[in-house]
Every structure is written in C-alpha cells, then in structure tokens.
Amino acid sequence: MSRDQITNRIIAEILSEISIYLEMQDVPFKPRAYEKVAEIIGGLEEEARDIYEKGGLKALEEIPGVGVSIAEKIEEIIKTGRCKYYEDIKKKTPVRLEEFGGIEGLGPKSIKKLYQKLGIKGIADLEKAARAGKISRLDGFGKKSEENILKGIEFVKKSGGRFVLGSVMPTIETIEERLRSLPGVEKTIVAGSTRRSKETIGDADILVVSKKPAPIMDYFVEMPEVAQVHAHGATKSSIKIKSGMDIDLRVVRANSYGAALNYFTGSKDHNVALRKIAISKGYKLNEYGLFKRKKQVAGKNEEELYKALGMDYIEPEMRENTGEIELARKHALPVLVGYNDLRGDLQVQTEWTDGSASIENMALAARKNGLEYIVITDHTKRLAMTHGLDEKRILKQMAEIDRLNKKFAGKIKILKGSECDILKDGSLDLPDNILAKLDVVGASVHSYFNLPRAEQTARIKRAMENKNVDIIFHPTGRIINRREAYEVDMDELIKAAKKTGTIMEIDAYPDRLDLKDDHIRKCVEMGVKMSIDSDAHSPAHFPYLEYGIAQARRGWAERKDIINAWPVAKMLEFLK
Ligand code: DGT
Ligand code: CA
Ligand code: CA
Ligand code: ZN
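Keep in mind that this is a model prediction, so the values were computed, not measured. (Residues numbered from 1 in each chain as written. Chains lettered and ligands numbered in written order. Predicted model: local features only at pLDDT ≥ 70, side-chain atom pairs only at ≥ 80, totals over all residues. Heavy atoms only, no water.)

### With respect to the overall build of the protein chain
Argument step 1. For the protein chain, the count of helices and strands is 23 helices and 17 strands.
Argument step 2. With the C-alpha coordinates aligned to their principal axes, the bounding extent of the protein chain is approximately 70 × 65 × 55 Å.
Argument step 3. Counting over 576 residues, the protein chain shows a buried share of 54%.
Argument step 4. Sequence separation of at least 24 residues holds for 67% of the intrachain contacts in the protein chain that already meet a minimum separation of 6.
Argument step 5. As displayed, the protein chain has an accessible area near 26,400 Å², and 51% of this comes from carbon and sulfur atoms.
Argument step 6. Distance from the positive charge centre (96 side chains) to the negative charge centre (89 side chains) of the protein chain: 3 Å. (Helix = DSSP H or I, 4+ residues; strand = E, 2+ residues; numbered from the N terminus. Buried < 20%, exposed > 50% of the residue type's maximum accessible area, 1.4 Å probe, protein only. Contact = heavy atoms within 4.5 Å. Areas by Shrake-Rupley, 256 points an atom, 1.4 Å probe, with all protein chains shown as cover. Lys, Arg positive; Asp, Glu negative; His and termini not counted. Charge placed at Lys NZ, Arg CZ, Asp CG, Glu CD.)

### Re the coordination of the calcium ion (ligand 3)
Argument step 1. Around the calcium ion (ligand 3), the donor atoms from the protein are Asp203 (OD), Asp203 (OD), Asp205 (OD) and Asp248 (OD), and they sit 2.3 to 2.7 Å away.
Argument step 2. Ordering the donors of the calcium ion (ligand 3) by residue number gives the pattern D-x1-D-x42-D.
Argument step 3. A spacing of 3.7 Å is found between the calcium ion (ligand 3) and the calcium ion (ligand 2), which share aspartate 203 as a donor. Taken together, the residues span a long stretch of sequence, with aspartate 203 in strand β4 (residues 203–210) and aspartate 248 in strand β7 (residues 246–252) at a distance of 45 residues.
Argument step 4. Classification of aspartate 203 as partly exposed rests on a relative accessible area of 22%.
Argument step 5. Taking relative accessible area as the criterion, aspartate 248 reaches 14% and is therefore assigned buried. (Donors = N, O, S within 2.8 Å, 3.2 Å for Na, K, Ca; no water.)

### Things to note about the coordination of the calcium ion (ligand 2)
Argument step 1. The coordination sphere of the calcium ion (ligand 2) contains the protein donors Asp203 (O), Asp203 (OD) and Asp205 (OD), at a distance range of 2.2 to 2.6 Å.
Argument step 2. If you look at the calcium ion (ligand 2), its six donor atoms make angles of 70 to 170° with each other, and the shape they trace is irregular. (Tetrahedral: all angles 85-135°; square planar, octahedral: opposite > 155°, others 65-115°.)

### Points about the nonpolar core
Argument step 1. The biggest cluster of nonpolar side chains holds 71 residues, and the ones touching the most others in it are Ile374, Ile414, Met504, Met530, Phe542 and Ile562.
Argument step 2. Counting residues in each nonpolar core, the second largest holds 45 residues, with Tyr52, Leu106, Leu126 and Ala130 among its members. (Core = buried A, V, L, I, M, F, W, Y, C linked by side-chain atoms within 4.5 Å.)

### Examining the site of ligand 1
Argument step 1. In the vicinity of ligand 1 there are 16 residues, among which Arg162, Ser193, Gly202, Asp203 and Arg275 approach most closely.
Argument step 2. Surface burial for ligand 1 is 71%, taken as the share of its 590 Å² of free accessible area covered by protein chains.
Argument step 3. Listing elements by their share of the shell around ligand 1, those giving two or more residues are α10 (192–195), β4, α12 (257–265) and α13 (268–280).
Argument step 4. Counted by class, the shell around ligand 1 contains three nonpolar, seven polar and six charged residues. (Near = heavy atom within 4 Å. Nonpolar A, V, L, I, M, F, W, Y, C, P; charged D, E, K, R; others polar.)

### With respect to the environment of valine 209
Argument step 1. Examined against the element boundaries, valine 209 turns out to sit in strand β4.
Argument step 2. You can call valine 209 buried: its relative accessible area is 3%.
Argument step 3. For the pair valine 209 and glycine 142, spaced 67 residues apart in the sequence, the C-alpha separation amounts to 55 Å.
Argument step 4. Apart from the residues within four sequence positions on either side, valine 209 is in contact with Gly184, Val185, Glu186, Lys187, Val252, Arg253, Ala254 and Tyr257.

### Quick notes on the packing of helix α1 (residues 8–24) against helix α2 (residues 30–42)
Argument step 1. Where α1 contacts α2, the two axes come as close as 8 Å, and the packing angle between them is 165°. If you check the angle between α1 and α2, you find them roughly antiparallel. The two elements α1 and α2 cross, and the hand of that crossing is left-handed. Judged by residue contacts, Asn8, Ile11, Ala12, Leu15, Ser16, Ile18, Ser19, Leu22 and Glu23 of α1 engage Lys30, Pro31, Tyr34, Glu35, Val37, Ala38, Ile41 and Gly42 from α2.
Argument step 2. Of the residues contributing to the contact of α1 with α2, the split by class is 10 nonpolar, four polar and three charged. (Axes fitted to C-alpha atoms, helices over the stretch in contact; angles between N-to-C directions. Parallel < 35°, antiparallel > 145°, perpendicular 65-115°, else oblique. Left-handed = near helix turned anticlockwise from the far one by under 90°.)

### Focus on the domain arrangement of the protein chain
Argument step 1. Under the domain assignment used here, the protein chain contains domain 1 (3–159), domain 2 (163–252), domain 3 (257–333) and domain 4 (344–574).
Argument step 2. For domain 1 and domain 4, the distance between their C-alpha centres works out to 36 Å.
Argument step 3. Both sides of the domain 1 and domain 4 interface together cover about 370 Å² of buried area, and 52% of this is carbon and sulfur.
Argument step 4. On inspection of domain 1 and its partner domain 4, the count reaches zero salt bridges.
Argument step 5. Inspection of the region where domain 1 meets domain 4 yields zero residue pairs in polar contact (both at pLDDT 80 or more). (Domains from an automatic or database assignment. Buried area = accessible area lost by both parts, 1.4 Å probe. Salt bridge = Lys/Arg side-chain N within 4 Å of Asp/Glu carboxyl O. Polar contact = N/O pair within 3.5 Å; in protein donor to acceptor, adjacent residues only side chain to side chain.)

### Some words on the sheet that holds strand β11 (residues 344–348)
Argument step 1. Spatially, β11-β12-β13-β14-β15-β16-β17 is the arrangement adopted by the seven strands of the open sheet, whose pairing is parallel. The outermost strands of the open sheet, each flanked by one partner alone, are β11 and β17 (530–533).
Argument step 2. Of the pairings in the sheet, the one linking strand β15 (residues 471–472) to strand β16 (residues 503–507) comprises two bridges and is parallel in character. Note on β16: the bridge partner recorded for isoleucine 471 is isoleucine 503.
Argument step 3. Contacting β11, β12 (373–376) and β13 (413–421), helix α16 (residues 359–368) runs over the sheet at an angle of about 150° to β12. (Pairing = 2+ DSSP bridges.)

### So, α16
Argument step 1. Restricting attention to buried positions, one finds in α16 the residues Ile359, Met362, Ala363, Ala365 and Ala366. Burial along α16 is one-sided: seen end-on, the buried residues are contained in an arc of 165°.
Argument step 2. On its buried face, α16 is in contact with β11, β12, α17 (391–407) and β13.
Argument step 3. Where α16 ends, the next residue or the one after it, glycine 370, has phi of about 85°, a positive value. (Arc of directions from axis to C-beta.)

### Quick word on helix α8 (residues 142–158)
Argument step 1. Spanning 17 residues, α8 covers 25 Å between terminal C-alpha atoms, matching the ideal 24 Å at 1.5 Å per step.
Argument step 2. Buried within α8 we find Ser145, Glu146, Ile149, Leu150, Gly152 and Ile153. An end-on view of α8 places all buried positions within 155° of arc, on one side of the element. Across from the buried face of α8, at angles greater than 90 degrees, the exposed residues are Lys143, Lys144, Lys151 and Lys158.
Argument step 3. Tucked inside the fold, the buried residues of α8 contact α7 (123–131). (Expected span 1.5 Å × (residues − 1).)

### Some details on the packing of α1 against helix α4 (residues 68–80)
Argument step 1. One can describe the packing of α1 onto α4 by two numbers: an axis separation of 11 Å at closest approach and a directional angle of 130°. Comparing the axis directions of α1 and α4 gives the class oblique. For the pair α1 and α4, the sense of crossing is right-handed. Of the residues in α4, those in contact with Ile11, Ile14 and Leu15 of α1 are Ile70, Ile74, Ile77 and Ile78.
Argument step 2. Residue composition of the contact of α1 with α4, by class: seven nonpolar, no polar and no charged.

Okay, structure coming up:
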C-alpha cells in the first residue's frame, strides 16, 4: 500500500482502538492520552502523512498531545500501513470488542468490568449473563442497565447486522477512490444495495473494470482496514473490515461492465424478473451479458441492456420489482426528483437550541451547498434540555433573521420557522399568534412515544388541523437500528395530510430517513406533498440532503412532489 492512502481517519481509528485495549488492561493515564490524540488527528485539516512528509518525526511531535512514542507509532502507520504495538495489544486482549459496537451505552469501562468480573468476551456471553440476572448484581450496573443490555442485544439481532448507509458511505467511498487510482483500473463503481440507496446495507459490493485483476485483488485484501479475508480469488474477493462490515470486490472486462453492474446492483427480485423477460425474448441474461445463442447482443452498459429487453432505463433506487418493470416496458416510468433539484432546506437547527452554529454560519454553509433558501427551525420550550425557544426568544430570533436577510440580500433567503413540539393532546408548544408570524411551521413528536396507536394518530392529526402547522417533521419518529417508530396509523396520517394540506417531511438525517420509502410512495399516489430536509445541527450536515433525495427516489417521488425543489415563492404560496 502506498503512503497517500493512509488518511487521518485510519490513523485515528488505530489510536482509538489502542486506547480501548489499554483501558481494558487497566493501564493508567495512557488510554486517555491515546483517545485524545485520536480525536485531534481525526479533526486535523492537513493529512498527518503530509505533515510527516514535510517535517518528519519532529513535525508529528508538534501536533498537540503527540509525544515521541505516539509520534513513532504514527510514523510506522504512515510508512507501513500497520502498527505492531496495536497488533500485539489486540492479540493480548481476549475480548471481542467489535461485537459490543451495536449495544448502546456499553463503553470500554463497562466492557472491562464485565470481562473482569464475569469473564464476558463477546455478545453470546453477555446475553447469557444478562438472562441469568448476573449483570444487575454487579456494582454500578443494576436492573435497568441489565434490561437495556438485553434490549440492545434484541435490536442487534433484529437489525441483522445491517449498517446505516450514511454512516458507512464515507469508508466505502474512500476505498472506492483508492481502487480507482490503481494502475490498470478502467472504472470502479459501488453496486448492490448501496447503489440502490437502501437505508441500511448488509454488505458493500464494489465492481472494477480491468484487464489485470490479480494485483487489484492482492491490494484489496491487504488494505489497512481489513480485519479478515473471507476469500481471495482471481476475479472475486471478500473481506471484513474493522468496523465489522463485509465488502465484496469483483473485477470484470469492459464488454461485460453493464451486465455485471446490472447483476450486482440487484435487487435479486429485479434481476429474476429481467431474466424472465430475456428468456421470453429468446435471450439468455447473466452477469457477462445478454446473449442470443453464443453471441453477445448487449452488456457493455446498462442502457443498451434495458433497451435490448424492450424497456426504458430504470434508476437503481427503483429496482425492487415492485412495479417498475411493467412501467419501463410501457415507457411510463416517473422522472425521479434529481440529486441537484433541491433549492431550499426546511429544517435547520442553530446554536439558539441544540445546533452547533449561528444562524449566519448555517446560512453561509447552506449557500455553499447550493441552496437558495433555508428555514430556521429551532426547538421549542418543552424540550428544555435543548434550551428550546419560548415566545420571547423566538421573537428575538425573528428580529435577528430580519437583520441577516438585509445583510445576505441576493445571496440566500433565511425564512423564519420552528420545530414546534406537539404536546400530548396534539396541541402545540407555542401559541397560535406566534406561529402565525412564522413563514414555515414544522411540528414534531418528541415525547410520549408509547401512547396507544389510536391516541397517537389522533394526537398528530390534531396538530395537522392547526391552520399554522405546515409540515410534520420526521413523522414516524424511528431511529434506524436504535428506536422503533411509535405506534401510529400512517395511512390515516397521510389521508389527514391530504385533507388539511399538510406537508409530510422526509428527514434526511442518515439514521432517521423518516418518512420511509413505502410511505413516500403512498404520499405520491395520494398527491400529498413532501419536503426533503437535512435536519442539520451543524454546517457539515447539509450534504445529508443527498440521503433524503435518495430516499425520495426510492419512494418514486418526482420534483412536483417535493416542495423545496420549487422556487421559494411557489413553495410559500403552497403552504397553508
Ligand atoms: P444487502 O447486501 O443485503 O444490503 O443487499 P444486496 O442487494 O447488496 O445483496 P448482496 O450483497 O447479497 O448481492 C448483491 C447483488 O448481487 C444483489 O443485489 C443481486 C445479486 N445477487 C446476489 N445473489 C443473487 C442470486 O442468487 N440471484 C440473482 N439473480 N442475483 C443475485
Ligand atoms: Ca450488498
Ligand atoms: Ca455482497
Ligand atoms: Zn425533531
């Protein structure tokens, strides 16, 4: 591996794991030192390898928190891609840390205690001990944490080890980039459920076009992220990376690229349906191409493949065999909302509540991300822990927005809004006379998740009936892999949205993606309009919009269905 592949993230991950292993071995002080350096390296603007390139070991030591011994380890990682100290200490630790990753609230200190007192090495031991009531008897754990551990284990089992797309995407893209830069690589693309933009993925599937697969395979199984090699073949390899996710790599020839991409993008059901159509036309379809007897009639790219089958090209996000094939044969596919179509963002938090930046800095970041308008939607007073806005503060915020709009005239429009809490009975956390002053009112549920279904449905419907409420934010309340949606009748809510002219949000925050894809399809069918919002809490969150757009596309939404794909005047005109 060459040096320019050692990113700060890779270095930070290794140092942070060292800190956990040291902690487990009861080493004093050092764990905190490693953890701190990991944080600092992770946040550096300049790559540590460039710092090293310019100034050697001495320059590394000038990074805050880095002493000579850690500097030497960073040097070793930059030069060799590995760290002997890390490998040794990992071997010495009997606990399989990666198994605990999905269990909320289990930090290194608790894992250490569980090992030392009960000999727990992995998740199976953990479940046994919890079921036997042994954990609640430990100092500092109690009945509640035992219950939470069991809940966490249940959730891990149910989510089947699937990964939130937005949380693994940066790693997948880094690896894809590196493969792309290898000699002899003509093309790389991520296929599978990643390309279909499913909200979670089981594993990542990367496709490479090259005439010489062997060195690419060798490179792939030796990358610094690799934790385990499942297979190392001539054109197909499979690894597990340290985060626990598997990655499959396949190398194909250019003349099979389209067929292979189509096959490995899936979904399986979509593939099966395509193959049937091929057979009915006297063809054979596989990952090498579309064939008439021995002759390849299509397969270099996906467009010609669909065309040869008598169909229009189908966007990857639609390939689930849920009606898209019939529409493609009738040339009646929807034109999905595009990745560059959003003009505004209707849910943005600032430092007035739980966001990290000022209104001004959020606006500047939004503009940098190509947006023409944003709505500032800080929380309201019931969410006391976020320092939610009361009547007085929101009036003050409105005045501040007026001031900023003068300053930013012609650059970006800042609209006044709120993420107003829906109270238990469906009334709102701010009075109507205040809500009426705002440009856009979003309302959302942040409490009483456990109401009976009928009561929860009635509660949200009542909020929709308020003439000031424009949007229901994150309508189901689920957090992927962490919290189920509350019990609510979504069909009822979508009907109520239609009747009251309320917008349903597609919250783009990667572990929310709320609405889900099938709800979006229902909204499209019913003519209920939606918004795609980043729910940004920091200037770095605007790129999340892309995951929301992907989700909208999975729900077959077009530009006409998404109100913030419209110009600001038309959008405001449409609201209640
Ligand atoms: P995942 O990884 O569970 O999120 O879902 P996928 O769709 O990425 O599934 P994966 O990784 O097992 O396989 C990648 C693609 O390869 C899949 O979307 C379609 C294709 N594929 C896999 N197994 C089969 C199969 O048995 N028959 C057909 N026709 N295609 C398959
Ligand atoms: Ca996959
Ligand atoms: Ca796979
Ligand atoms: Zn919220």
